[in-house]
Amino acid sequence: MTAVESRPAGVIAAGKPAEGPVPGHRPFGARVKGFVALTKPRVIELLLMTTVPVMFLAAQGVPDLWLVLATCVGGYLSAGGAGAFNMYYDRDIDALMDRTSQRPLVTGMVSPRECLVFATALTVGSTVWFWFLVNPLSAMLSLGASLFYTVVYTMILKRRTAQNIVWGGIAGCLPVIIGWSAVKNEVSWASLILFLVIFFWTPPHYWPLSMRVKDDYERVGVPMLPVVAGNKAVARQIVLYSWVMVAVSLLLTPLGYTGWFYTLVAVVCGAFWLKEAHALQARAKAGITGPKLKEMRLFHWSITYVSLLFTAVAIDPFLR
């Protein structure tokens, strides 16, 4: 999943990297915050929001709480390592984008070498943690997600194709399968369906934000869809992915994995999502630009949607 901080992090002048702290004057507390920031904690919040509820669904009740804790810790380490690798590789363009200009590598609070060592340690540590405290299948899935985000998305797709967030988003879909495998030590149709929900959720979640900050991406040559296509085309793709996402989310019930409560939440939240997606498309078709386009309405709702949907995944087993 590619959830991101929506607020500009800072403004830089004339495309020059922000000046870092004076060497030797990096306060310990600020350094700690810098290393935490490398892990992209706000992204991890959403990843865990999809992982834990699936564990309740897999257990059809309350899973082993130690296993939940072990999975969350391992997931944080794994996703944090991938986030740190991403910041290491993207430090050149992060310095030129307003939204990322205050990241630790740009400001100099953390050095590139420190970041690389930190990312490697987190990735290795998370794999060992999962292997011995959860199970080897979850360890391999976690390592695969980290490598996919780092190599396939960050190093290959992001700067080369407008489909970057579509296929690169696969890394953010794997936590739901990891959550299921942690409990069952297998992969099921339920976990694959929820994997697809997040897969089709990711583009219409991220593209509205990309519409807002497309000047940033255009300045550094990253071909996010809003950079290479007009608002009408982007909004059309958002509506298309939204319909598929809602349809896929409703497959769990006829296959017997969920009951009335999940279905009700999926229908209501999906209907509201489609309303917002079509409203954005209507504004784009009308040629509305700037603040009146209100593209961030869908971005913010997308976070609420996935939170409510997966909360329903966790609650549903208790109401059947």
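Below is a summary of the structure that appears in this document.

What counts and what doesn't
- Residues numbered from 1 in each chain as written.
- Predicted model: local features only at pLDDT ≥ 70, side-chain atom pairs only at ≥ 80, totals over all residues.
- Heavy atoms only, no water.
- Salt bridge = Lys/Arg side-chain N within 4 Å of Asp/Glu carboxyl O.
- Helix = DSSP H or I, 4+ residues; strand = E, 2+ residues; numbered from the N terminus.
- Buried < 20%, exposed > 50% of the residue type's maximum accessible area, 1.4 Å probe, protein only.
- Polar contact = N/O pair within 3.5 Å; in protein donor to acceptor, adjacent residues only side chain to side chain.
- Patch = residues over 30% accessible without salt bridge, like charges linked within 9 Å, V, L, I, M, F, W, Y side chains within 5 Å.
- Areas by Shrake-Rupley, 256 points an atom, 1.4 Å probe, with all protein chains shown as cover.
- Core = buried A, V, L, I, M, F, W, Y, C linked by side-chain atoms within 4.5 Å.
- Contact = heavy atoms within 4.5 Å.

1. Concerning the pattern of salt bridges
Moving on, step 1. Within this structure, the stated rule accounts for nine salt bridges.
Moving on, step 2. Here Asp-92 and Arg-159 are joined by a salt bridge, their closest N and O atoms 2.9 Å apart. Placement of the pair is Asp-92 in helix 4 (residues 91-94) and Arg-159 in the loop between helix 7 (136-157) and helix 8 (164-168), with a sequence separation of 67 residues.
Moving on, step 3. When its relative accessible area of 28% is taken as the criterion, Arg-159 is described as partly exposed.
Moving on, step 4. Across the pair Arg-297 and Glu-276 runs a salt bridge, and its minimum N-O distance is 2.6 Å. Linking Arg-297 in helix 15 (residues 295-315) with Glu-276 in helix 14 (residues 260-285), this pair joins segments that are 21 residues apart in sequence.
Moving on, step 5. Members of the salt-bridge network, linked through shared partners, are Asp-90, Asp-92, Lys-158 and Arg-159.

2. What about the side chain of His-205?
Moving on, step 1. Structurally, His-205 can be placed in helix 10 (residues 189-212).
Moving on, step 2. Classification of His-205 as buried rests on a relative accessible area of 0%.
Moving on, step 3. Within the local environment of His-205, its side chain forms a polar contact with the side chain of Ser-302, the two groups lying 2.7 Å apart.

3. Observations regarding a nonpolar patch on the surface
Moving on, step 1. A surface patch of nonpolar side chains, amounting to about 810 Å² of accessible area, comprises Val-62, Leu-65, Trp-260, Leu-264, Val-268, Ile-315, Phe-318 and Leu-319.
Moving on, step 2. Within the fold, Leu-65 resides in helix 3 (residues 65-89).

4. A word on the nonpolar core
The nonpolar side chains of a soluble globular protein tend to be buried with one another.
Moving on, step 1. Counting residues in hydrophobic clusters, the biggest one holds 83 residues, and the most contacted among them are Trp-273, Tyr-305 and Phe-310.
Moving on, step 2. If one sorts the elements of this core by residue count, helix 10 sits on top with 13 residues.
Moving on, step 3. Not counting residues up to four positions away in its chain, the partners in contact with Trp-273 are Trp-201, Pro-204, His-205, Ser-242, Met-245, Leu-298, Trp-301, Ser-302 and Tyr-305.
Moving on, step 4. With nine residues, the next largest nonpolar core counts Leu-38, Ala-84, Leu-105 and Cys-115 among its residues.

5. Topic: the environment of Ala-190
Moving on, step 1. Mapping Ala-190 onto the fold places it in helix 10.
Moving on, step 2. Counting along the chain gives 61 residues from Ala-190 to Leu-251, while the straight-line C-alpha distance between them is 8.9 Å.
Moving on, step 3. Ignoring sequence-local partners within four residues, the contact set of Ala-190 consists of Trp-180, Leu-252 and Tyr-257.

6. Focus: the environment of Cys-269
Moving on, step 1. Structurally, Cys-269 is set in helix 14.
Moving on, step 2. The class of Cys-269 is buried, set by a relative accessible area of 7%.
Moving on, step 3. As for Cys-269 and Arg-159, which are separated by 110 residues in sequence, their C-alpha atoms are 33 Å apart.

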